[in-house]
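Chain residues, written in single-letter form:
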Amino acid sequence: MVSKDLVLSVEGSALVDVPSPVSGYIRRSPRLDRWGTVEIYNRSSEDAELIARVRHMHPIHVQDGQKIEYGQLLGRQSNKAPPGVK
């Protein structure tokens, strides 16, 4: 897995929809939702490998278990984090 930190911007606004950097299967949980995070795995089985993690989105447009394609919109970029965390 490659880890990158970036902020998207369109015409000076950071309120943009975030495209998926890879194709795969979405995993969501309350622990991840606190950070506005989705994880993307290479397959839907229990032995799947994590291939991407995208954080700080609200709202999130994809559901747990959903198959997604490269470039598909995941959610809206935001500064979502648990209360008290900056």
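Being a predicted model, the structure only gives us computed values, none of them experimental. (Residues numbered from 1 in each chain as written. Predicted model: local features only at pLDDT ≥ 70, side-chain atom pairs only at ≥ 80, totals over all residues. Heavy atoms only, no water.)

Caption draft 1: Just the sheet that holds strand E7 (residues 73-77), in detail. Strand order in the open sheet formed by three strands is E1-E7-E5, and the pairing between neighbours is antiparallel. Looking at which strands have only one partner, the edges of the open sheet turn out to be strand E1 (17-19) and strand E5 (57-60). Between one strand and the next, the sheet's axes are offset by a mean angle of 45°, whatever the strand orientation. Strand direction decides the pairing type here: E5 and E7, joined by two bridges, are antiparallel. Opposite Met57, over in E7, you have Gln77 as the bridge partner. (Pairing = 2+ DSSP bridges. Helix = DSSP H or I, 4+ residues; strand = E, 2+ residues; numbered from the N terminus. Axes fitted to C-alpha atoms, helices over the stretch in contact; angles between N-to-C directions.)

Caption draft 2: Quick look at the nonpolar core. Ranked by size, the top nonpolar core spans eleven residues in total: Val18, Ile26, Val38, Ile40, Ala52, Val54, Met57, Ile60, Val62, Ile68 and Leu74. The set of elements that each furnish at least two residues to this core consists of strand E3 (38-41), strand E4 (50-54) and E5. Residue contacts for Ile26: discarding those within four places in its chain leaves Val38, Glu39, Ile40, Val62, Gln63, Asp64, Gly65, Gln66, Ile68 and Leu74. (Core = buried A, V, L, I, M, F, W, Y, C linked by side-chain atoms within 4.5 Å. Buried < 20%, exposed > 50% of the residue type's maximum accessible area, 1.4 Å probe, protein only. Contact = heavy atoms within 4.5 Å.)

Caption draft 3: Just the sheet that holds strand E2 (residues 24-27), in detail. As summarised here, the arrangement of the four strands in space is E4-E3-E2-E6, forming an open sheet in which the pairing is antiparallel. Bordering the open sheet on either side are E4 and strand E6 (67-68), each of which pairs with just one other strand. In terms of strand pairing, E3 meets E4 through four bridges, oriented antiparallel. Pairing of Glu39 across the sheet is with Arg53, part of E4.

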